[in-house]
Amino acid sequence: MPGSTNGSTSTKTMAVLTVGGLVAVTAYTVALGSNGWLWFGWVVLGLITLGMMATRST
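Residues numbered from 1 in each chain as written. Predicted model: local features only at pLDDT ≥ 70, side-chain atom pairs only at ≥ 80, totals over all residues. Heavy atoms only, no water.

In the nomenclature of an unreviewed UniProt entry, the protein chain is known as Integral membrane protein of Streptomyces composti.

What follows is the structure, given as structure tokens:
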């Protein structure tokens, strides 16, 4: 169907966003100090990405 994304593309996009988020949170932590909510958000994003990868492979 035109305009729709398949599971593989969306999973790859989530993986890129997760890695990008890790880089951003790490840079923020180095520059301004640790923020627990940022790390919590990154962990949640990582778990969602892992869940998407697990459901895609089955």
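**Digging into the environment of Ala-15**
Condition: Put simply, DSSP H or I for four residues or longer makes a helix, DSSP E for two residues or longer makes a strand, and each gets a number counted from the N terminus. Each residue is assigned to one of three classes by its accessible area relative to the maximum for its type, calculated with a 1.4 Å probe on protein chains only: buried under 20%, partly exposed between the two thresholds, exposed over 50%. A contact between two residues is defined here by any heavy atoms of the two lying within 4.5 Å.
When you line up the elements, Ala-15 lands in helix α1 (residues 7–32). Its relative accessible area of 21% is what places Ala-15 among the partly exposed residues. Sequence separation of Ala-15 and Leu-45 is 30 residues, and the distance between their C-alpha atoms is 9.2 Å. With near-sequence residues (within four places) excluded, Ala-15 lies in contact with Thr-49 and Met-53.

**Things to note about a nonpolar patch on the surface**
Rules: Patches were defined on residues exceeding 30% relative accessible area and lacking a salt bridge, with like-charge contacts within 9 Å and nonpolar side-chain contacts (Val, Leu, Ile, Met, Phe, Trp, Tyr) within 5 Å. Accessible surface area values rest on a Shrake-Rupley calculation with a 1.4 Å probe, where residue burial reflects the displayed protein chains alone. A pair is scored as a salt bridge if a Lys or Arg side-chain nitrogen falls within 4 Å of a carboxyl oxygen belonging to Asp or Glu.
Together, Trp-37, Phe-40, Val-44 and Ile-48 line one region of the surface with nonpolar side chains, adding up to about 460 Å² of accessible area. Mapping Ile-48 onto the fold places it in helix α2 (residues 36–57).

**Topic: the packing of aromatic side chains**
Going by this rule: Any two of the Phe, Tyr and Trp rings considered here, Trp counted by its six-membered ring, make a pair once their centres fall within 6.5 Å; the pair's planes then place it as stacked at under 30 degrees, edge-to-face at over 60, or tilted in between.
Enumeration over the complete set of coordinates arrives at one aromatic pair. Each ring, one from Trp-37 and one from Phe-40, has its centre 5.8 Å from the other, and the planes form 90°; the classification is edge-to-face. Placement of the pair is Trp-37 and Phe-40 together in helix α2, with a separation of three residues, close to one helical turn. Exposure remark for Trp-37: the relative accessible area of 70% places this residue in the exposed category.

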